[in-house]
Amino acid sequence: MILNCTQKTKERFHIKYNGEFEDKIADEIAKRIVDKEKNDDFLNWGLKYFSFDKRKCIQVIHFKTKLNIYLFDIKVSDLENVGNIIANYLLEIYHDDELMIQLLHKYFSENQICVFTKLTNKSAISSLNSNETHFMADGYRFYDYIENNILNTIEINKDANWNHFVIIDKKYILPGEVFKKELIERYK
């Protein structure tokens, strides 16, 4: 999978793209993954840094379906596991759907390595910016999800995909439904 980052995300988390690694083998692996997957929107995700309650966070959006995931209190050291963090949230979002759990495991097993690259997809950039304004309300909405001083990140991510409409091809859609439909179509 390719994790396409905004410049600010790259800077805040000290992310290296292919061509920037000192290890030539790692650099070649990253290059091959980017070359192989760059034109498949189902394997591309956009990442945008944001701050909430003085903590580093990342908004993640799936290029093809606009499914979005919000990651909170992310450390620089967490970036090497960000693919696993995304996978865990996807499994939580669809935890009641046995078919989706099976298909997600297949998706993860086929795409085990995540590489970072520069975000240039204008649709993904637009969606990240729109979500920041409309769903996140510039971060203020997340205060509604605090109970007993604990931020309920699973509820945030479920609501973002099942209770918040986004626009794809001039149609209002729920990202959770579209991601499910596309994943089923991909593996049928």
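Owing to the predicted nature of the structure, the values given are computational and were not obtained by experimental measurement.

### Focus on unusual backbone geometry
Here is step 1 of the chain: The phi angle at Asp138 is positive, at roughly 55 degrees, despite the residue not being glycine.
Here is step 2 of the chain: On the secondary structure map, Asp138 appears in the loop between α5 (122-134) and β6 (146-147).
Here is step 3 of the chain: Positive phi is not limited to glycine here, since Asn148 has a value of about 50 degrees.
Here is step 4 of the chain: Since its relative accessible area comes to 74%, Asn148 is described here as exposed.

### Things to note about a nonpolar patch on the surface
Here is step 1 of the chain: Residues Ile25, Ile29 and Ile113 make up a contiguous nonpolar surface patch of roughly 290 Å² in combined accessible area.
Here is step 2 of the chain: Following the sequence through the fold, Ile113 ends up in the loop between α4 (98-110) and β5 (115-118).

### Quick word on the pairing of strand β2 (residues 44-52)
Regular strands place their side chains on alternate faces of the sheet.
Here is step 1 of the chain: With respect to burial, β2 is a largely interior element, eight of its nine residues being buried.
Here is step 2 of the chain: Here strand β1 (residues 2-5) runs beside β2; their pairing, made up of four bridges, is parallel. From the neighbouring strand, Cys5 faces β2, where its bridge partner is Leu47.
Here is step 3 of the chain: Where β2 folds back on strand β3 (residues 55-62), the antiparallel hairpin that results is connected by two residues, among which Asp53 adopts a positive phi of roughly 55 degrees.

### Quick word on the pattern of salt bridges
Here is step 1 of the chain: All chains considered together, the criterion is met by 12 salt bridges.
Here is step 2 of the chain: One salt bridge in this structure joins Lys10 and Glu20, with 3.0 Å as the shortest N-O distance. Residue Lys10 is found in helix α1 (residues 7-13), and its partner Glu20 is found in the loop between α1 and α2 (24-37); the two are separated by 10 residues along the sequence.
Here is step 3 of the chain: Classification of Lys10 by relative accessible area gives buried; the value is 17%.
Here is step 4 of the chain: For Glu20, a relative accessible area of 36% translates into the label partly exposed.
Here is step 5 of the chain: Asp73 is the salt-bridge partner of Lys75, the closest N and O atoms lying 2.7 Å from each other.

### A short note on the packing of aromatic side chains
Here is step 1 of the chain: This structure, assessed with the given rule, holds 17 aromatic pairs.
Here is step 2 of the chain: Residues Phe52 and Phe72 carry aromatic rings whose centres are separated by 6.0 Å and whose planes lie at 75 degrees to one another, so their mutual orientation is edge-to-face. Of this pair, Phe52 sits in strand β2 while Phe72 sits in the loop between β4 (68-71) and α3 (82-93); the two residues are 20 residues apart in sequence, bridging distant segments of the chain. Like Phe52, the residue Phe72 is buried in the burial classification.
Here is step 3 of the chain: Lying across the ring of Tyr17, Lys10 places its NZ or CZ 4.7 Å from the centre.
Here is step 4 of the chain: Positioned above the aromatic ring of Phe13, the side-chain terminus of Lys56 is 5.5 Å from the ring centre.

### Some words on the confidence of the model for the chain
Here is step 1 of the chain: Of all residues in the chain, 100% attain a pLDDT of 70 or more, and the chain-wide mean is 95.
Here is step 2 of the chain: Element-level pLDDT for the chain is lowest in strand β8 (residues 166-168), with a mean of 83, against a maximum mean of 98 in β4.

### Digging into the sheet that holds β5
Here is step 1 of the chain: Spatial ordering of the open sheet is given by β4-β3-β2-β1-β5, a layout of five strands whose pairing is mixed. Edge positions in the sheet fall to β4 and β5, since each has one partner strand and no second. The sheet shows a mean angle of 30 degrees between the axes of neighbouring strands, direction not considered.

### A word on the packing of helix α6 (residues 153-162) against helix α7 (residues 175-187)
Here is step 1 of the chain: Their axes nearest at 5 Å, the elements α6 and α7 cross at an angle of 80 degrees. When the axis of α6 is compared with that of α7, the two are roughly perpendicular. Note on element contacts: α7 touches α6 through Pro175, Gly176 and Glu177, opposite Ala160, Asn161 and Trp162.
Here is step 2 of the chain: Per-class residue counts for the contact of α6 with α7 are three nonpolar, two polar and one charged.

The rules we used
- Residues numbered from 1 in each chain as written.
- Predicted model: local features only at pLDDT ≥ 70, side-chain atom pairs only at ≥ 80, totals over all residues.
- Heavy atoms only, no water.
- Helix = DSSP H or I, 4+ residues; strand = E, 2+ residues; numbered from the N terminus.
- Buried < 20%, exposed > 50% of the residue type's maximum accessible area, 1.4 Å probe, protein only.
- Patch = residues over 30% accessible without salt bridge, like charges linked within 9 Å, V, L, I, M, F, W, Y side chains within 5 Å.
- Areas by Shrake-Rupley, 256 points an atom, 1.4 Å probe, with all protein chains shown as cover.
- Salt bridge = Lys/Arg side-chain N within 4 Å of Asp/Glu carboxyl O.
- Pairing = 2+ DSSP bridges.
- Phe/Tyr/Trp six-rings, centres within 6.5 Å; stacked < 30°, edge-to-face > 60°.
- Lys NZ or Arg CZ within 6 Å of the ring centre and 35° of its normal.
- pLDDT = per-residue confidence, 0-100.
- Axes fitted to C-alpha atoms, helices over the stretch in contact; angles between N-to-C directions.
- Parallel < 35°, antiparallel > 145°, perpendicular 65-115°, else oblique.
- Contact = heavy atoms within 4.5 Å.
- Nonpolar A, V, L, I, M, F, W, Y, C, P; charged D, E, K, R; others polar.

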